[in-house]
Amino acid sequence: MSDSATNDSTGTGRTGPASGPGDGTRAVRAGLPEPVKHEPTLPGPVFAAHFHLPGDPTGPYTYGRDENPTWTHLERAIGELEDSGQDGVETLVFASGMAAISSVLFSQLRAGDTVVLPDDGYQVLPLARTQLEAYGIEVRTAPTVGDAQLDVLDGAKLLWLETPSNPGLDVCDVRRLVEAAHACGALVAVDNTLASPLGQRPLELGADFSVASGTKQLTGHGDVLLGYVAGRDPAAMAAVRRWRKIVGAIPGPMEAWLAHRSIATLQLRVDRQNATALRVAEALRARPEITGLRYPGLPDDPSHKVASQQMLRYGCVVSFTLPSRARADRFLEALRLVEGATSFGGVRSTAERRGRWGGDAVPEGFIRLSVGAEDPEDLVADLLRALDETAD
Ligand SMILES: Cc1ncc(COP(=O)(O)O)c(C=O)c1O
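Described below are features of the structure shown in this document. (Residues numbered from 1 in each chain as written. Predicted model: local features only at pLDDT ≥ 70, side-chain atom pairs only at ≥ 80, totals over all residues. Heavy atoms only, no water.)

Here the focus is the sheet that holds strand β10 (residues 339–340). Taken in spatial order, the five strands of this open sheet run β8-β9-β12-β11-β10, and their pairing is mixed. A single partner strand is all that each edge strand has here, and the edge strands are β8 (291–294) and β10. Bridge count between strand β11 (residues 350–353) and strand β12 (residues 366–370): four bridges; the pairing is antiparallel. Counterpart to T350 in the pairing with β12 is S370. Each of β9 (317–321), β11 and β12 touches helix α10 (residues 325–334); the most contacted strand, β11, lies at about 160 degrees to it. (Pairing = 2+ DSSP bridges. Helix = DSSP H or I, 4+ residues; strand = E, 2+ residues; numbered from the N terminus. Contact = heavy atoms within 4.5 Å. Axes fitted to C-alpha atoms, helices over the stretch in contact; angles between N-to-C directions.)

Have a look at this one:
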């Protein structure tokens, strides 16, 4: 494992000698209940629209839109990973990453409030922006790079960060932005999708919410849609919970169980994929037809300095630009081990020409590559062969 793929010398996510078990140990045990003789280690999914509830309607389990024991185990697991100290972290799972993002935006903001979003974040944020504005909320945007959101923070109620940003892989200084936001009374949410909770722990950097799509590396097999919000402020999290109840954007028990099962291998997948991503980035950097190569784990990447101060691991996404749309399409077509698909974080490598969606401010030849768990030498060879075969 190279020091550039994981930001601690042990590769365990330990940040200090007294900080407890490593990330592999934490991942395999995350959220498991106390062992009960003759019961499975991870209890199976509980399929229930309602629970037996005679008499006074007291919890924990009343109605399936409000609580489910399978969610409880998963929420504990994610909470343990998002905050190694686990001091008062509450986690809520959602039907998708967008459900989780919307729950924070729409539960925390009121008409007349101001929110600061990144202008280079996930491509559905502009749709959320339009909806927020329709509700009378002022939306300001600024780029992730250079902590530019600081410049438009004055009077804001909520600051939304996405770091590393998708798909540009810029990184902002979470501690610095949190300090400035809190000084002017704003809450801070960080979209932690790209890093995963083993790559970055926004709550420990001071953020009020860590929000993510669990559809990506958290679950890692490209077969589950999921989202979550983790936070420490009971009042803010109560509002998020109320929003989930009102909108009903809940995960099915099967999805929640699959997600929990997948978390057991999170550290293995993340370390493998991230180490391979670094190798891929190094191999692609040597190619003359590639420009704008980005991977925060590369020591000379523009994001690396800040990333190394706040990230434990640098993610599995590499982005770069080929000279034209036609060349990029030919390259993607020629790949044998990389599936043409959107999304990222899965064990099977995927790539796409991001400009095909029309939502990101990227060149036509811009490619977002999600590095999977294939053997690194096979993947690098496939990428280099596809580049050679499609040369102009
Ligand atoms: C950074 C980021 N946040 C949020 C989302 C939304 O997640 P979901 O597709 O699970 O709704 C995505 C999806 O690609 C994403 O890349």
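Here the focus is empty space enclosed by the protein. Enumeration according to the criterion identifies two cavities of 30 Å³ or more in this entry. For the second largest cavity, the calculated volume is near 40 Å³. N192, T193, S196, P197, A212, S213, K216, Q217, L218 and Y228 are the residues that line the second largest cavity. Residue composition of the lining of the second largest cavity, grouped by class: four nonpolar, five polar and one charged. (1 Å grid on protein atoms, 1.4 Å probe; cavity = no way out; pocket = protein on both sides within 12 Å on 5 of 7 lines; lining within 4 Å. Points joined across faces, edges and corners; volume = space filled by probe spheres on them. Nonpolar A, V, L, I, M, F, W, Y, C, P; charged D, E, K, R; others polar.)

At a minimum axis separation of 9 Å, helix α3 (residues 97–108) and helix α6 (residues 234–247) run at an interaxial angle of 115 degrees. One element, α3, and the other, α6, form an angle in the roughly perpendicular class. The way α3 lies across α6 gives a crossing that is right-handed. Judged by residue contacts, S102, S103, V104, F106, S107 and Q108 of α3 engage A236, A239, V240 and W243 from α6. (Parallel < 35°, antiparallel > 145°, perpendicular 65-115°, else oblique. Left-handed = near helix turned anticlockwise from the far one by under 90°.)

Quick look at the pairing of strand β6 (residues 209–213) now. Counting buried positions along β6 gives five out of five residues, so the element sits mostly inside the fold. Burial of the side chains of β6 extends over both faces: F209, V211 and S213 are buried on one face and S210 and A212 on the other. In this sheet, β6 lies alongside strand β5 (residues 187–191) in parallel orientation, the contact comprising three bridges. Across the sheet, the residue bridging to V190 is S210, located in β6. Sheet topology places β6 next to strand β7 (residues 227–231); five bridges connect them, and they run antiparallel. Counted as the bridge partner of S213 is G227 from β7. (Buried < 20%, exposed > 50% of the residue type's maximum accessible area, 1.4 Å probe, protein only.)

Right, let's get into the site of the ligand. In the vicinity of the ligand there are 15 residues, among which M98, D191, S213, T215 and K216 approach most closely. Between the ligand and T193, the relevant distance is 3.5 Å, taken from a nitrogen atom to a side-chain nitrogen or oxygen of the residue. Side-chain polar atom of K216 to an oxygen atom of the ligand: 2.8 Å apart, as the coordinates give it. Coverage of the ligand by the protein chains reaches 93% of its 390 Å² of free accessible surface. Here the element with the most residues in the shell around the ligand is α3; it accounts for three residues. Looking at side-chain class alone, the shell around the ligand contains six nonpolar, six polar and three charged residues. (Near = heavy atom within 4 Å. Polar contact = N/O pair within 3.5 Å; in protein donor to acceptor, adjacent residues only side chain to side chain. Areas by Shrake-Rupley, 256 points an atom, 1.4 Å probe, with all protein chains shown as cover.)

How two aromatic rings sit relative to each other is given by the distance of their centres and the angle of their planes. For the structure shown, the criterion picks out four aromatic pairs. Each ring, one from F106 and one from W243, has its centre 5.8 Å from the other, and the planes form 20 degrees; the classification is stacked. Taken together, the residues span a long stretch of sequence, with F106 in helix α3 and W243 in helix α6 at a distance of 137 residues. Its relative accessible area of 24% is what places W243 among the partly exposed residues. Centroid distance F320 to F331: 6.1 Å. Interplanar angle 75 degrees. Geometry classified as edge-to-face. Of the two residues, F320 sits in strand β9 while F331 sits in helix α10, which places them eleven residues apart along the sequence. For the pair shown, F320 and F331 are each scored as buried. In textbook terms, an aromatic cluster arises when at least three aromatic residues are bridged by ring pairs, as seen for F106, Y135 and W243. When the ring centre of F344 is taken as origin, the NZ or CZ atom of K216, which lies over that ring, is 5.4 Å away. (Phe/Tyr/Trp six-rings, centres within 6.5 Å; stacked < 30°, edge-to-face > 60°. Lys NZ or Arg CZ within 6 Å of the ring centre and 35° of its normal.)

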